Amino acid sequence: MKVLLVGGGGREDALAWALARSPEIRTLRCAPGNAGIARYAERVPIAAEDVASLVAHAVAERYDLVVVGPEVPLVLGLADRLGDAGLAVFGPSAASARLEGSKVYAKEFMARHAIPTAGFRVFDDAGECTRYLLSDEAAYPLVVKADGLAAGKGVVIAPDPETALESAEGMLSGRDFGDAGRRVVIEELLRGREASFFCLCDGVRFLELAPCQDYKRAGDADTGPNTGGMGTYSPSAHLGDDSRAFLRDRVVAPLLAGMAAEGHPYRGVLFVGVMLTPDGPRVLEFNARFGDPETQVLIPRLDGDWLPLLRAAAAGDLRGVEARFRRDAAVCVVMTAEGYPGKYAKGTPISGLDAAEAIEGVVVFHAGTEHDAAGRVVTSGGRVLGVTAIGADVARARARAYDAVACIRWEGERHRADIAADAV
Ligand code: AMP
Ligand code: GLY
């Protein structure tokens, strides 16, 4: 088989690592990839957002399967365009990816199908929004969200009306997020612990994958700004059997039935961001893609080959495939450039990668790396590496991951010291 992977972060390095192990794949390419992905796949110099060039390349090369990592090309219709050209693609259509691409769409869909989520109101008019935020109906703290994709920055927890008004104003005027902020969702604040729940979907059926915990704040003990994710472990210590059954029956099953009934059967991976509240699990958000860095712990835990799973979801028929996960736990510690999630330096040489990977059970996934002119691996993003280890339990996986982190150095390197500590 000839496979094209789209994307160039840690999630895609984990997918490339898995696909390179599949005996059926003869050619694996990745657009645009990174220095780590280059170990497993031939790089194609096309950006993940450049849908027209990706389609032209994929059609010319007649790939047997295209696996799309990030959300932006999905929301822009990459899966539709490839499907129209007769190619098999892992990733939902643009209409289905609206579950991630439009928070208004996702909330209204959940309301139509009685999927449990935070109470909400939608506004596109600044005057109406202001009147609501100043009224007795608005209970603080509340959450203000930009409708569209905002690279993880479009959510504000507002403790008081002043903060809420300022955030909503910045969004609705187009100042903060352009068109992505022209509509806002004002939402009830949910309290509890967050977890990440994943299913592969074929439009009708779904296959549950292993649940994960993500650490979103930049600093130890959940301090500092929100990030894309500073580390993960799997299986989640918090998403128990009852919660998982609830998510299957009350979230994923009605979602698939609802999307199909509305003419947008959902194919690909569905990532449910969950808040485990005292009243039960509630949906925080849907993502139309694998999580990053959740994928870095999901991928090595599968007992078997990922290719048949991705191919079956792409083909719209999951019957006859199963996803069995090892009892082993996995822990991923993200190493970042100083300054992330704000401004950071690029081009800093990284040392110790080989020593880290020599530790049993360790694999270092690359998120933001490139080769410099001398062929050295250098930093090229805010999240640089996802140092992942498998172990018989979370404690052992965690110890290995941090042993590996200790081997790796560059100037300005940062990481959290407490990933998975609460699960040990
Ligand atoms: P979202 O993009 O909707 O997942 O929001 C990003 C992050 O904001 C989530 O991972 C939560 O940490 C937080 N968040 C979003 N909505 C809520 C809510 N209703 N209550 C509490 N926290 C929230
Ligand atoms: N780690 C959270 C995400 O991928 O959105």
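Provided above is the structure to which this section pertains.
Residues numbered from 1 in each chain as written. Chains lettered and ligands numbered in written order. Predicted model: local features only at pLDDT ≥ 70, side-chain atom pairs only at ≥ 80, totals over all residues. Heavy atoms only, no water.

Draft legend 1. View of the nonpolar core. Core analysis: the largest hydrophobic core is formed by 45 residues, its most contacted members being V66, L255 and F286. Here this core gets 6 residues from one element, more than from any other, and that element is helix α9 (residues 241-261). (Core = buried A, V, L, I, M, F, W, Y, C linked by side-chain atoms within 4.5 Å. Buried < 20%, exposed > 50% of the residue type's maximum accessible area, 1.4 Å probe, protein only. Helix = DSSP H or I, 4+ residues; strand = E, 2+ residues; numbered from the N terminus.)

Draft legend 2. Molecular detail of the packing of aromatic side chains. For the coordinates displayed, the defined rule picks out 8 aromatic pairs. Aromatic pair W17 and F365: ring centres 5.9 Å apart, planes at 85°, arrangement edge-to-face. One end of the pair, W17, is in helix α1 (residues 10-20); the other, F365, is in strand β19 (residues 362-366), and 348 residues separate them in sequence. By the burial criterion, W17 is buried, and F365 matches it. Ring centres of F90 and F290 lie 6.0 Å apart, and the angle between their planes is 20°; this geometry places the pair in the stacked category. One end of the pair, F90, is in strand β5 (residues 89-90); the other, F290, is in the loop between β17 (280-287) and α10 (294-301), with 200 residues separating them in the sequence. The residues F90 and F290 share a single accessibility class, namely buried. The residue whose ring lies beneath K2 is Y63, and the NZ or CZ to ring-centre distance is 5.5 Å. (Phe/Tyr/Trp six-rings, centres within 6.5 Å; stacked < 30°, edge-to-face > 60°. Lys NZ or Arg CZ within 6 Å of the ring centre and 35° of its normal.)

Draft legend 3. Seen up close, the site of ligand 2. Lining the immediate surroundings of ligand 2 are D214, G228, F271, N287, R289, G291, D292, P293 and E294. Take D214: an N or O atom from its side chain is 2.8 Å from a nitrogen atom of ligand 2. D292 is positioned with one of its backbone polar atoms (N or O) 2.9 Å from an oxygen atom of ligand 2. For ligand 2, whose unbound accessible area comes to 200 Å², protein coverage reaches 89%. Classifying every residue of the shell around ligand 2 by side-chain character gives 2 nonpolar, 3 polar and 4 charged. (Near = heavy atom within 4 Å. Polar contact = N/O pair within 3.5 Å; in protein donor to acceptor, adjacent residues only side chain to side chain. Areas by Shrake-Rupley, 256 points an atom, 1.4 Å probe, with all protein chains shown as cover. Nonpolar A, V, L, I, M, F, W, Y, C, P; charged D, E, K, R; others polar.)

Draft legend 4. Region of the structure containing helix α7 (residues 126-133). The complete set of buried residues in α7 reads C129, Y132 and L133. All buried residues of α7 project into a common sector of 95° when viewed along the axis, lining one side. Buried residues along α7 sit in contact with β6 (120-123), β7 (142-146), α8 (161-172) and β9 (184-188). Residue D125 occupies the N-cap position of α7, its side-chain oxygen lying 3.1 Å from the main-chain nitrogen of G127. (Arc of directions from axis to C-beta. Contact = heavy atoms within 4.5 Å.)

Draft legend 5. Here's a closer look at the sheet that holds β7. With antiparallel pairing, 4 strands are arranged side by side in an open sheet as β6-β9-β7-β8. The outermost strands of the open sheet, each flanked by one partner alone, are β6 and β8 (155-158). Neighbour-to-neighbour, the strand axes of this sheet turn through a mean angle of 20°, independent of strand direction. Bridge count between β7 and β9: 5 bridges; the pairing is antiparallel. Residue pairing in the sheet places A146 in a bridge with V184 of β9. This element, helix α6 (residues 103-112), spans β6, β7, β8 and β9 of the sheet and lies at about 135° to β6. (Pairing = 2+ DSSP bridges. Axes fitted to C-alpha atoms, helices over the stretch in contact; angles between N-to-C directions.)

Draft legend 6. Helix α2 (residues 51-61), seen in detail. Taken together, the buried positions of α2 are occupied by V51, L54, V55, H57 and A58. Down the axis of α2, the smallest arc covering the buried residues is 165°, so these residues share one side. In α2, the exposed positions that point more than 90 degrees away from the buried face belong to A52, A56 and A60. On its buried face, α2 sits against β1 (2-7), β2 (27-32), β4 (65-68), α3 (71-75) and α4 (78-84).

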